[in-house]
Amino acid sequence: MTSSIVRPYGDTTGDGRIQVSFTLPVPFGTPAQQARAEGAAMQLAGKMGLEAAMVVHAKGMGPDYTFFIVYGRVSHLVDLSQVTVTEREFPLLSPAEVNLRIRTGLGRKLVVVGACVGTDAHTVGIDAILNVKGHSGEKGLEYYREIRVVNLGSQVAVPDLVARSAAEGADAVLVSQVVTQRDAHITNAREMSAAFRATAPQSGARNWPPLLVVGGPRFDPSMAAGLGVDKIFGKGTTPGEVASYLAYALAPDSGAAADADQEAGASA
Ligand code: B12
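Notes on the structure in this doc start here. (Residues numbered from 1 in each chain as written. Predicted model: local features only at pLDDT ≥ 70, side-chain atom pairs only at ≥ 80, totals over all residues. Heavy atoms only, no water.)

### Considering the overall build of the protein chain
Next up, step 1: Tallying secondary structure elements over the protein chain gives eight helices and ten strands in all.
Next up, step 2: By the compact-globule yardstick of 18 Å for 268 residues, the protein chain is too spread out, its C-alpha radius of gyration being 24 Å.
Next up, step 3: With the C-alpha coordinates of the protein chain rotated into their principal frame, the extents come out at 70 × 50 × 30 Å.
Next up, step 4: When each of the 268 residues of the protein chain is scored for burial, the buried share is 41%.
Next up, step 5: Nonlocal contacts in the protein chain, meaning residues at least 24 apart in sequence, comprise 67% of its contacts between residues at least 6 apart.
Next up, step 6: Total accessible area on the protein chain is roughly 14,300 Å²; 53% of this is exposed by carbon and sulfur atoms. (Helix = DSSP H or I, 4+ residues; strand = E, 2+ residues; numbered from the N terminus. Rg over C-alpha atoms; globule rule 2.2 N^0.38 Å. Buried < 20%, exposed > 50% of the residue type's maximum accessible area, 1.4 Å probe, protein only. Contact = heavy atoms within 4.5 Å. Areas by Shrake-Rupley, 256 points an atom, 1.4 Å probe, with all protein chains shown as cover.)

Rendered as structure tokens:
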């Protein structure tokens, strides 16, 4: 029987060896500075509980910083039976199934407004989800016949996002945050959700506030409630996952999935 207790594997099975990297604000210029820098790294490794630690790489980063890779041994065990995994709460659907579900459950096109808010100019991630060319071999939301996409691009101010979402009759707002310095992604997501919730329902709005979705590589998907949003997608998200979630959250299932096989294979 396979044990549920495991240790890290470096050179030999179960030897507990791991590798960590970090940067310290110490110079790495002269030989004396290099010795001091490596000593600083070793001190940190010791305080982190790394035994038999070795600095296997050190490199000056500009005049005042040094980047390190340290290899060492930990005595901690991993109990696989205690690992918790967040289960996806919605089924993964094909584009044809998503379209069918929107058509039958919503009865009109689903409107998505997307943007990078704040000063963030990293648009590759949100474009991977929205643009027809997509990501990981999956087409983006623009490809879906029953989804209308309005991509506002980068560095969008939150009030502008709110106003445009109202004007477009957005069912869902998709916000990307890639820069995480000083927890900008957290602050911006909270500011965004608060602004939508503080704005009075728009006249004629079908769905206010819209479904609020944020994404980016350093979000923890379990943080949605704390950020005041409906859903968080993290690194490696594919467009199909997002489309399936939107269909699940916004288009009530009216048995569409059962009919979808007939449509699968037809153009999405
Ligand atoms: C390309 C890039 C740039 C390009 C961006 C071009 C563009 N139009 O996007 C340019 C050169 C402009 C740039 C600039 C900067 N960058 Co830059 N950049 C990168 C880089 C190399 C790749 C990012 C990327 O495109 N990933 C590929 C996409 C597909 O992945 P993704 O973003 O994770 O998106 C996926 C998921 O996260 C998710 N997702 C993302 N958003 C959303 C949204 C929703 C709604 C959903 C559902 C899902 C979702 O789905 C996507 C597909 O799976 C990263 C390093 C790296 N290797 O990640 C640094 C990086 C993000 N940049 C960084 C920095 C610091 C900067 C600058 C501040 C540098 C500077 N000093 O000027 C500026 C900031 C500019 C600004 N105002 O934002 C840092 C951020 C560090 C941090 N902790 O915040 C990184 C991590 C590099 C580093 N290690 O230091 N950058």
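### Brief notes about the pairing of strand S8 (residues 172–176)
Next up, step 1: The element S8 is largely enclosed, with a buried count of five among its five residues.
Next up, step 2: Here S8 shows no split at all, with Ala172, Leu174 and Ser176 on one side and Val173 and Val175 on the other all buried.
Next up, step 3: Note that strand S6 (residues 110–116) and S8 share five bridges and pair parallel. When the sheet's bridge partners are listed, Gly114 is paired in S8 with Leu174.
Next up, step 4: Strand direction decides the pairing type here: S8 and strand S9 (residues 211–215), joined by five bridges, are parallel. Paired with Val173 across the bridge in S9 is Leu212. (Pairing = 2+ DSSP bridges.)

### Observations concerning the packing of aromatic side chains
Next up, step 1: Using the criterion set out here, one finds seven aromatic pairs in the structure.
Next up, step 2: Both rings, one in Phe22 and one in Phe68, keep their centres 5.6 Å apart while their planes meet at 40°; by these two values the pair is tilted. Placement of the pair is Phe22 in strand S2 (residues 17–24) and Phe68 in strand S4 (residues 65–73), with a sequence separation of 46 residues. Accessibility classification places Phe22 together with Phe68 in one group, the buried group.
Next up, step 3: Taking the centre distance of 5.8 Å and the plane angle of 70° together, the rings of Phe233 and Tyr245 count as edge-to-face. You can see Phe233 sitting in strand S10 (residues 231–233) and its partner Tyr245 sitting in helix H7 (residues 239–250), a full twelve residues away along the chain.
Next up, step 4: Here Phe233 falls in the buried class, since its relative accessible area comes to 10%.
Next up, step 5: Exposure remark for Tyr245: the relative accessible area of 4% places this residue in the buried category.
Next up, step 6: Through pairs of rings, three or more aromatic residues link up here, namely Phe90, Phe233, Tyr245 and Tyr248.
Next up, step 7: Stacked on the ring of Phe90, the Lys or Arg Arg88 has its end atom at 5.7 Å from the ring centre.
Next up, step 8: Between the NZ or CZ atom of Lys139 and the centre of the ring of Tyr143, over which it lies, the distance is 5.8 Å. (Phe/Tyr/Trp six-rings, centres within 6.5 Å; stacked < 30°, edge-to-face > 60°. Lys NZ or Arg CZ within 6 Å of the ring centre and 35° of its normal.)

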